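This is what each chain is made of:
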Amino acid sequence: MSDKEASNAYWKANVRLILWSLVIWALVSFGFGILLRPMLSGIAVGGTDLGFWFAQQGSILVFLALIFFYAWRMNKLDAEHGVGEE
Amino acid sequence: MDQFTLNLLFVGASFALYIGIAIWARAGSTSEFYAAGRGVHPVTNGMATAADWMSAASFISMAGLIAFTGYDNSTFLMGWTGGYVLLALLLAPYLRKFGKFTVSEFIGDRFYSKTARMVAVLCLIVASTTYVIGQMTGVGVAFGRFLEISNTSGLLIGACVVFAYAVFGGMKGVTYTQVAQYVVLIMAYTIPAIFISLQLTGNPVPALGLFGDHVASGEPLLAKLDQIVRELGFNEYTTHHSDTLNMVLFTLSLMIGTAGLPHVIMRFFTVPRVADARWSAGWALVFIALLYLTAPAVGAMARMNITELMWPNGTNEQAVSVEDIANNPKYDWMQTWQKTGLLDWEDKNGDGRIQYYNDANAAMQEKAAANGWTGNELTKFNRDILVLANPEIANLPGWVIGLVAAGGLAAALSTAAGLLLAISSAVSHDLIKGQLNPNISEKSELMAARVAMGVAIVVATYLGLNPPGFAAQTVALAFGLAAASIFPALMMGIFSTKINNHGAVAGMLAGLIVTLVYIFLHKGWFFIPDTNSFTDADPLLGTIKSTSFGAVGAMINFTVAYVVASMTKETPQHIKDLVESVRVPKGAGAATDH
């Protein structure tokens, strides 16, 4: 595989990973935290509901997990496609 | 020792610490001024980024806005953390691979156009100046309180301190000073929160206490809070009251604005490797999350404490008496904050008590008429004082109050100084040296940088006297401007080879101008009061407030750039190759200056 093909495949895999990550990113904040909150109102969390928890706590925790997952996955992708720094 | 001396001691000691570290770290590293962060571990870099990022808006202002509005202001929490996901996934690794020092350099090179670089400089200056106005508001509150003077005098003294601090510049570039600032700031934020959480819920972790039970009543804290604010005619704390579309757009503006602000992006240019840029964004968010997960607890618990202080025997009994406010040590904080002019009360009906309730609520008006109340008597409670007043409201020991004063100043000063440096280097390096006069001597360049800094602070201070909103709201406007102008250009520059020079310039200008005009129409032209044609209560377009318009501006930017690019000459091959090379980590060298 040429360098060009390798980097094209790498970029495709990266864009796919980014898209999936952004779906989760939007789901926990705009979704659970705001738009879907009425649907989650049946699930009680400490005096309020799950949507409130996602808006003030959960979304932030998921953001953290997402960034670390992305960094870990990309470092593996760098190596698999032979485009890493070393 | 009295509280004033104690505050002075804490603030003085923290400043001595920063200056000490700056002098110690400076000795061997003057040449690395620009490259602060290179060779620094991603964890340390993340901590320094967090200090750079968390300003008066996060520290002083945000919890107050959440406290008095409740759920609807969760937007600040999601917006200012969610942006890091965009930064880590969409920008940081590629900008690091590109290997230059400023955002405008990337835009100039990628869009092979000096005009594009100048437009980017303009966008950065507009967004950063707006951001500094918000910081000055916070600086005024902090200095007003800790020197026990009026807010205006506090702002003027604060402006002088910020200017001196920014001119002493080098301090800002030293990563370890920022690490010290982070440590002071996060201790100042979390220690009082832990105390208060223990008092109210028995749980030492504020983020868990928020969803725990209120010790005094045995009910869940948030349910109890909903009940007492409802009894006073206010909106329930946990329910959704504001317009949903506006809430979504506001959150989105803050998120994409985060990923478009120069002083944060810059930190990722200089990490040792592309992989480190990814990790650094994660570590920065870890340290930011420590404050952001605590903030909603600070807000809810402070609201609880304030309401209980105003209605010491419950909301159906007698309100607090004027005599208690004057003599009971529990109410001393009201006396000290009254001096700043940011808190006030008035016994309108002359019954010797201060009734705090929502006098715009119909049911409360009936109750008021029956009880002989003639309006809400806690007449002024500036949202920006809440975090600084919080330890006093909860009756915490004096050293905690001193620590919070030091933390608030650390947050405001570090970010204000960082922004002033960004503005001055944009003017002297990008605008004057890069465009107007490439042969300028180093000495004149430095002079121009100082003059730019001076002008920026005078403008920000003047506008800070009559700010367009509370600190966090003004800062949100800056995020809207960055979201509408810089972020789309950066993202399209990396993810699309189709966008050419004309497209990028047209997109940035359209995004910036439309957003700026929308903001000025609602907040007054150049933020001068009473020159606005609309208000955010009744905005020009549907329910979209000026603070939320950044997301719309960004969409305009994307659309205009795409349309213009498809009508003009294609991107040349060597630029397409540049984009290809930015996308893969392989071959990343150290960052270089222009």
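Residues numbered from 1 in each chain as written. Chains lettered and ligands numbered in written order. Predicted model: local features only at pLDDT ≥ 70, side-chain atom pairs only at ≥ 80, totals over all residues.

(A) Local environment of the overall build of chain B. For chain B, the count of helices and strands is 24 helices and 4 strands. Against the 2.2 N^0.38 benchmark of 25 Å for 594 residues, chain B shows a C-alpha radius of gyration of 24 Å, consistent with a compact globule. The dimensions of chain B, computed from C-alpha atoms along their principal axes, are 80 × 55 × 40 Å. Taking all 594 residues of chain B together, 59% fall into the buried category. By sequence separation, contacts in chain B at least 24 residues apart represent 80% of the contacts at least 6 residues apart. (Helix = DSSP H or I, 4+ residues; strand = E, 2+ residues; numbered from the N terminus. Rg over C-alpha atoms; globule rule 2.2 N^0.38 Å. Buried ≥ 20, exposed ≤ 12 C-beta atoms within 10 Å, placed from the backbone. Contact = placed C-beta atoms within 7 Å.)

(B) View of the overall build of chain A. Broken down by element type, chain A carries 3 helices and 2 strands. N-terminal to C-terminal, the α/β element order of chain A is α-α-β-β-α. Against the compact-globule benchmark of 12 Å for 86 residues, chain A has a radius of gyration of 18 Å, which places it well outside the compact range. The C-alpha extent of chain A, read off along each of the three principal axes, is 60 × 20 × 15 Å. Taking the contacts inside chain A whose residues are at least 6 apart along the sequence as the reference set, 59% of them involve residues at least 24 apart.

(C) A look at the interface of chain A and chain B. At the interface, 36 residues of chain A touch 42 residues of chain B. For the side of chain A that touches chain B, the secondary structure elements donating two or more residues are α1 (3-35) and α3 (50-80) of chain A. The greatest single-element share of the side of chain A that touches chain B, amounting to 17 residues, is contributed by α3 of chain A.

(D) Geometry of unusual backbone geometry. All names here are of chain B. The phi angle at Y112 is positive, at roughly 35°, despite the residue not being glycine. Tracing the backbone shows Y112 in the loop between α5 (103-110) and α6 (114-146). The class of Y112 is partly exposed, set by 16 C-beta atoms lying within 10 Å. Phi at F527 is positive, roughly 65°, even though this residue is not glycine.

(E) Representation of the environment of Y331 of chain B within the structure. Residues and elements named next belong to chain B. Relative to the helices and strands, Y331 is located in the loop between α15 (322-327) and α16 (332-338). Given 20 C-beta atoms within a 10 Å radius, Y331 is considered buried. Sequence separation between Y331 and G587 is 256 residues; the distance between their C-alpha atoms is 63 Å. Among residues more than four places away in sequence, those in contact with Y331 are D324 and I325.

(F) Seen up close, the packing of α6 of chain B against helix α7 (residues 151-167) of chain B. All names here are of chain B. Closest axis-to-axis distance for the α6/α7 pair is 7 Å, and the angle between their directions is 110°. Judged by the angle between their axes, α6 and α7 are roughly perpendicular. Considering only the axes of α6 and α7, their crossing is right-handed. Between α6, through M136, V139, G140, V141, F143 and G144, and α7, the contact on the second element is made entirely by N151, G154, L155, I157, G158, A159 and V162. The class makeup of the residues in the contact of α6 with α7 is 8 nonpolar, 5 polar and no charged. (Axes fitted to C-alpha atoms, helices over the stretch in contact; angles between N-to-C directions. Parallel < 35°, antiparallel > 145°, perpendicular 65-115°, else oblique. Left-handed = near helix turned anticlockwise from the far one by under 90°. Nonpolar A, V, L, I, M, F, W, Y, C, P; charged D, E, K, R; others polar.)

(G) Structural context of the confidence of the model for chain A. Residues with a pLDDT of 70 or more make up 97% of chain A, whose mean pLDDT is 90. Taken element by element, the predicted model of chain A shows its lowest mean pLDDT in strand β1 (residues 44-45) of chain A (88) and its highest in α3 of chain A (94). (pLDDT = per-residue confidence, 0-100.)

(H) Up close: the nonpolar core. Counting 227 residues, the largest nonpolar core has I67 of chain A together with A120, L185 and L420 of chain B as the members making the most contacts within it. Take this core: its biggest share by element is 24 residues, from helix α14 (residues 274-310) of chain B. Aside from chain neighbours lying at most four places away, what touches L420 of chain B is V132, A166, M453, A456 and I457 of chain B. (Core = buried A, V, L, I, M, F, W, Y, C linked by C-beta atoms within 7 Å.)

(I) Spatial organisation of α7 of chain B. All names here are of chain B. Under the 1.5 Å per step criterion, the end-to-end length of α7 is 24 Å for 17 residues, consistent within 8% with the ideal 24 Å. Three or more residues of α7 are buried, namely N151, G154, L155, G158, A159, V162, F163 and A166. The buried side chains of α7 occupy one side of the element, clustering within an arc of 165° when seen end-on. Away from the buried face of α7 by more than 90 degrees, exposed residues C160 and A164 are located. Close packing links the buried residues of α7 with α6, α19 (398-436) and α20 (442-465). (Expected span 1.5 Å × (residues − 1). Arc of directions from axis to C-beta.)

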